[in-house]
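Okay, here's what each chain looks like letter by letter:
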Amino acid sequence: MSNGKFYITTPIYYVNARPHIGHTYTTVVCDAIARRKRMLGIDTFFLTGTDEHGQKIERSANAAGCSPKKFVDEVSAEFRALWDRMGLSYDKFIRTTDEEHVRGVQAMFKLLQERGFIYKSKYRGQYCVYDELYVEVDTPGAPCPICGRVTETVEEENYFFKLSAMEEPLLKLYNSDPDFIRPETRRNEVISFVRGGLKDLSISRTTFKWGIPVPGDEAHVIYVWLDALCNYITALGFGNENTKLYDKFWPADVHMVGKEIVRFHCVYWPAFLIAAGLPLPKSIVAHGWLLFEESKMSKSRGNIVRTETILDVLGADPLRYFLMREIVFGQDGSFSFDALVQRFNSDLANGLGNLASRTLSMITRYFNGEVPYPSHAAAHTPADDAIAKIATRTIEEFGTAFDQFQFSKALETAWGLVAAVDKYIVENEPWALSEKTDEQSRSRLATVLYTSAEALRIVTALAHPIIPDSTARIWSQLGLGNIKEFKLNEIKWGQLHLGTRLGKVEAVFPRADKTTIERMQQMEQERTAAPVVEENPQTPSSTATPAPSTAGDNVPAAVASTEVSPSPYTPLAPQITIDDFSKIDLRVAIIKTAEKVKGADKLLRLEVDLGFEVRQIVAGIALAYDPEKLIGRKVVIVANLAPRKLRGLESNGMIVAASLEGGVPVLAGFHEDVPIGSRLK
Ligand code: ME8
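If you're wondering where the values come from, they're calculated on a predicted model, not measured in any experiment.

S.K.: Looking at this structure, I do not really get the overall build of the protein. What am I missing?
M.R.: When you go through the protein residue by residue, the secondary structure sums to 23 helices and 27 strands. Here the C-alpha radius of gyration of the protein, 29 Å, is about what a compact globule of 681 residues would show, namely 26 Å. Each principal axis of the C-alpha distribution contributes one length, and for the protein these read about 95 × 75 × 45 Å. Burial analysis of the protein (681 residues in total) assigns 57% to the buried set. When contacts within the protein are restricted to residue pairs at least 6 apart in sequence, long-range pairs at least 24 apart make up 74% of them. Only carbon and sulfur atoms are counted for the fraction: they give 51% of the accessible area of the protein, which is about 28700 Å². On the protein, the mean spot of the 78 positive side-chain charges and the mean spot of the 85 negative ones are 1 Å from each other.

See below:
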């Protein structure tokens, strides 16, 4: 029997970057929500996918020396393979290069045209390629007010969408439905943005080709955000022949997004839908950022943590648990390997895992592997009733918190039950009861173990959407079969049957130790240490161009493959002005000290003297240079690069080097003797 329907979406991810745990975070949250809805008997559709058009992607493909299609095919496949490896339960993986999507977007464009919301006009302005957005700055080359990257001057004849006409309808929408944008802080930001006035929006481009052609005017491609946002309806068949899913699931219940794309989802998307006369999504829910070393994890900052590293070492469930428990949904949260392992040990290995193994192995030992039931009432004590009460309250509170996106609170509540049962076991000493042979003690032992197993069953069922694999294993150890068949909406205390035969009891969460952290750090280190010439987040080319091939796994497969890059030369980065170049302060410095960084094969810690100051730089040159031989050598450094941490050491600048085949660095230098502190121009 169906208990209604539910449609949830993640953003579709750009394929100019490989997936990292920031993308994983959003997708895991949606997966957990979708799983819970399904367990509640709700007909659920969970959509994710990749955003594959636009100038940013076209440039990344050019830089990789391959066609955009080949480039997007490879990176999109990586996202999908990672989600599959994690066991994410999406119902559809949409790609904006899918034919049905292209048809659907063109249908939407035509619909907006027919309804009089599109006109053609000339436009000259500053465009931020990274954000794929015209920005409100006048000076050519001025930085983007959103991301700080250098903007480009674009002059074209564009199609425009009458966004200015949407000011009133949007404000009416926000006011009439306070849940349309969540949380409240984001809602307030959007309202004040719209109150500030809306200008018409350019929705086509002629300066590049990698996009969906405007129907009837193929010189134009459709603006990438109009293209991308439509995925939420085209995935269901909008604009195509078969609209069964669209008819059933649209409007979406939840569009889950990161806080940086709230404006696109809460202003542009409903504006397009209102103009097209289509139903609006029920809510847009924004979460915060996953930070690593205090800044947003992103490819251009080079501080990403790969999901694969964690999967290889710990598996999917510990990561899922960490993301849902440690990060207060809606706020920014920090990621570190230390915190991940600490959470894993305290809550999973010592918490749920320990409760499962001690309860189930005692039932195996004392009751031949069959769930016991107290045989007379005198075996009951208020302590048993207290656990039953806490469990009943937990079911209620967990559901309420989870359904309000308070995942951390929900898990805290469930683990409160784990802690209560642990205490109960310690206080009731089943091991001592097992040594007594009188009937009263045997009944008491049965009650204590039944109570513990029943509480374990309840926590396992509640936690299943968050840690699906391990809970499925505990469930089958409890002798309950396939957890997927369990109806969460019917859960209550006392459903564990007397005589249920346990499955094979095995540890579900083997404890992690220091070497677990070291292994993960080492894997990430090896990936980030190699590049000497780093990406600079302040330049547009760095965001459009994948990292040099020395970056190893950080590079989309298309870049790393020699097959697709026949030229031995790295393609030129997009042109910059002299003003752009003047922002880079290159100085001559002398190396004073050099030493290997412990535990990082490729890194050296250097102290360099610029004449006016001595500073520390961490460089990935250890495989090419002996530290002793570097002392006294003059080098060129990028002196005004923002500091970043490598292996916990702050690096204040970057040494300039040529990168030879295989990423071997060769330091830049001079034939003449140049005073330290001199600036290169
Ligand atoms: O914006 N912390 O794609 P994108 C938390 N294609 N979440 C993060 C994160 C981090 N450090 N980094 C990424 C786009 N995310 C567009 C979307 S939708 C019609 C088009 C997650 O690849 C978060 O959900 O830049 C964020 O909004 C999304 O990835 C951005 O992915």
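S.K.: Please explain the sheet that holds strand S5 (residues 118–128) as it appears in this structure.
M.R.: Hydrogen bonds between backbone groups are what pair the strands of a sheet, and the pairing can be parallel or antiparallel. Strand order in the open sheet formed by four strands is S6-S5-S7-S9, with antiparallel pairing between adjacent strands. Two strands bound the open sheet, and with one partner strand each, they are strand S6 (133–135) and strand S9 (201–202). In the sheet, S5 pairs with S6 via three bridges, with the strands oriented antiparallel. Pairing of cysteine 128 across the sheet is with leucine 133, part of S6.

S.K.: How should I be thinking about the site of the ligand in this particular structure?
M.R.: Around the ligand sit 24 residues in total, of which Ile12, Thr26, Asp51, Glu260 and Leu290 are the nearest. Separating a nitrogen atom of the ligand from a side-chain N or O atom of aspartate 51 is a distance of 2.7 Å. Between the ligand and leucine 290, the relevant distance is 2.7 Å, taken from a nitrogen atom to a main-chain nitrogen or oxygen of the residue. Relative to its unbound accessible area of 670 Å², the ligand is 95% covered by the protein chains. Of the residues belonging to the shell around the ligand, the class tally is twelve nonpolar, nine polar and three charged.

S.K.: Would you mind showing me how to read the nonpolar core here?
M.R.: Counting 187 residues, the largest nonpolar core has Phe161, Tyr174, Phe272, Phe335 and Trp415 as the members making the most contacts within it. Here the element with the most residues in this core is helix H13 (residues 337–367); it accounts for 15 residues. Sequence-distant contacts of tyrosine 174, defined by excluding residues within four places in its chain, comprise Phe180, Ile181, Arg187, Val190, Ile191, Val194, Cys266 and Val267. Leu606, Val608, Leu630 and Val635 belong to the second-largest nonpolar core, a separate cluster that totals 19 residues.

S.K.: Sorry if this is basic, but what is going on with the sheet that holds strand S10 (residues 204–205) here?
M.R.: The three strands are arranged S10-S12-S11 in an open sheet whose pairing can be described as antiparallel. The open sheet is flanked by S10 and strand S11 (213–214), the only strands paired with a single partner. In the sheet, S11 pairs with strand S12 (residues 217–222) via two bridges, with the strands oriented antiparallel. The partner of proline 213 across the bridge, within S12, is valine 221.

S.K.: How do you make sense of helix H1 (residues 21–39) when you look at a structure like this?
M.R.: Every α-helix winds through 3.6 residues per turn, so residues three or four apart in the chain are directed the same way. Under the 1.5 Å per step criterion, the end-to-end length of H1 is 26 Å for 19 residues, consistent within 8% with the ideal 27 Å. Of all 19 residues in H1, 18 are buried; the element is thus mostly enclosed. With its phi angle positive at about 85 degrees, glycine 41 sits one or two positions after the end of H1.

S.K.: What am I meant to see in the environment of glutamate 506 here?
M.R.: When you line up the elements, glutamate 506 lands in the loop between helix H18 (468–477) and helix H19 (514–529). Linking glutamate 506 and glutamine 477, residues 29 residues apart in sequence, is a C-alpha distance of 7.9 Å. Here the side chain of glutamate 506 touches lysine 504 through a polar contact of 3.2 Å, side chain to side chain.

S.K.: How do you make sense of the layout of surface pockets when you look at a structure like this?
M.R.: To locate leftover empty space, one rolls a probe as large as a water molecule over the atoms. By volume, the second largest pocket is sized at about 520 Å³. Taken together, 23 residues make up the lining of the second largest pocket; nearest its centre are Tyr134, Val135, Glu136, Lys199 and Tyr268. Every element with two or more residues in the lining of the second largest pocket is listed here: S5, S6, S9 and helix H10 (262–276). A total of three residues in the lining of the second largest pocket trace back to one element, the largest contributor, which is S6.

S.K.: Help me out: how do you make sense of H13 in this one?
M.R.: Largest kink in H13: about 40 degrees, centred on asparagine 354. Backbone geometry just after H13 places asparagine 368 at a positive phi near 60 degrees.

S.K.: Just to check I follow, could you spell out the pairing of strand S19 (residues 600–609) for this structure?
M.R.: Each regular strand shows side chains that alternate between the opposite faces of the sheet. The element S19 is extensively covered by neighbouring structure, given that seven of its ten residues are classed as buried. Note that strand S18 (residues 586–597) and S19 share seven bridges and pair antiparallel. Across the sheet, the residue bridging to isoleucine 590 is aspartate 609, located in S19. Taking the residues between adjacent antiparallel strands as the criterion, S18 and S19 are bridged by two residues, where glycine 599 takes a positive phi near 80 degrees. The pairing of S19 with strand S20 (residues 614–619) spans six bridges and is classified as antiparallel. Each residue of the ladder has a partner; that of arginine 605, found in S20, is valine 618. Connecting S19 to the next strand, S20, in antiparallel fashion are four residues, including glycine 611 with a positive phi near 95 degrees.

S.K.: Just to check I follow, could you spell out the packing of aromatic side chains for this structure?
M.R.: For any pair of aromatic rings, the description rests on two quantities: the centre-to-centre distance and the angle between the ring planes. The full count for this structure, using the stated rule, is 32 aromatic pairs. Between tyrosine 7 and phenylalanine 249, the aromatic rings sit 6.4 Å apart at their centres with planes inclined by 55 degrees, giving tilted as the arrangement. Here tyrosine 7 is found in strand S1 (residues 5–9), whereas its partner phenylalanine 249 is found in helix H9 (residues 244–249), with 242 residues between them in sequence. As far as burial versus exposure is concerned, tyrosine 7 and phenylalanine 249 are alike and both buried.

S.K.: Even after reading the chapter, I still don't get the packing of helix H5 (residues 167–176) against helix H6 (residues 184–195), so can you show me in this structure?
M.R.: The packing of two helices is summarised by the inter-axis angle and the distance between the axes. One way to put it is that H5 packs onto H6 with a least axis distance of 10 Å and a crossing angle of 155 degrees. With respect to their mutual orientation, H5 and H6 come out roughly antiparallel. For H5 against H6, the interelement crossing comes out left-handed. Contacts between H5 and H6 involve Glu167, Leu170, Leu171, Tyr174 and Asn175 from the former and Arg187, Val190, Ile191, Val194 and Arg195 from the latter. Residue classes in the contact of H5 with H6 are distributed as six nonpolar, one polar and three charged.

S.K.: Where do I start with the pairing of S1 in this structure?
M.R.: With respect to burial, S1 is a largely interior element, four of its five residues being buried. Pairing geometry for S1 and strand S3 (residues 43–51), over five bridges, is parallel. Along S3, the bridge assignment pairs isoleucine 8 with phenylalanine 46. Of the strand pairs in this sheet, S1 and strand S13 (residues 254–258) are connected by two bridges, and their pairing is parallel. Residue pairing across strands places isoleucine 8 opposite valine 254, the latter belonging to S13.

S.K.: I'm lost on the pattern of salt bridges in this one. Help?
M.R.: Pairs can form between side chains of opposite charge whenever their charged atoms are close. Overall, the coordinates contain 37 salt bridges when judged by the stated rule. In this structure, aspartate 91 engages arginine 38 in a salt bridge whose closest nitrogen and oxygen atoms are separated by 3.0 Å. Here aspartate 91 is found in the loop between helix H3 (68–85) and strand S4 (92–95), whereas its partner arginine 38 is found in helix H1, with 53 residues between them in sequence. One salt bridge in this structure joins glutamate 454 and arginine 457, with 2.6 Å as the shortest N-O distance. Highlighted residues: glutamate 454 and arginine 457, both in helix H17 (residues 439–463), separated by three residues, approximately one helical turn. Relative accessible area serves as the criterion here: at 3%, arginine 457 is assigned to the buried category. Overlapping salt bridges, with partners in common, bring together Glu52, Lys69, Asp73 and Arg95 in one network.

What counts and how
Residues numbered from 1 in each chain as written. Predicted model: local features only at pLDDT ≥ 70, side-chain atom pairs only at ≥ 80, totals over all residues. Heavy atoms only, no water. Helix = DSSP H or I, 4+ residues; strand = E, 2+ residues; numbered from the N terminus. Rg over C-alpha atoms; globule rule 2.2 N^0.38 Å. Buried < 20%, exposed > 50% of the residue type's maximum accessible area, 1.4 Å probe, protein only. Contact = heavy atoms within 4.5 Å. Areas by Shrake-Rupley, 256 points an atom, 1.4 Å probe, with all protein chains shown as cover. Lys, Arg positive; Asp, Glu negative; His and termini not counted. Charge placed at Lys NZ, Arg CZ, Asp CG, Glu CD. Pairing = 2+ DSSP bridges. Near = heavy atom within 4 Å. Polar contact = N/O pair within 3.5 Å; in protein donor to acceptor, adjacent residues only side chain to side chain. Nonpolar A, V, L, I, M, F, W, Y, C, P; charged D, E, K, R; others polar. Core = buried A, V, L, I, M, F, W, Y, C linked by side-chain atoms within 4.5 Å. Expected span 1.5 Å × (residues − 1). 1 Å grid on protein atoms, 1.4 Å probe; cavity = no way out; pocket = protein on both sides within 12 Å on 5 of 7 lines; lining within 4 Å. Points joined across faces, edges and corners; volume = space filled by probe spheres on them. Bend = angle between axes of the 7 residues up to and from the residue. Phe/Tyr/Trp six-rings, centres within 6.5 Å; stacked < 30°, edge-to-face > 60°. Axes fitted to C-alpha atoms, helices over the stretch in contact; angles between N-to-C directions. Parallel < 35°, antiparallel > 145°, perpendicular 65-115°, else oblique. Left-handed = near helix turned anticlockwise from the far one by under 90°. Salt bridge = Lys/Arg side-chain N within 4 Å of Asp/Glu carboxyl O.

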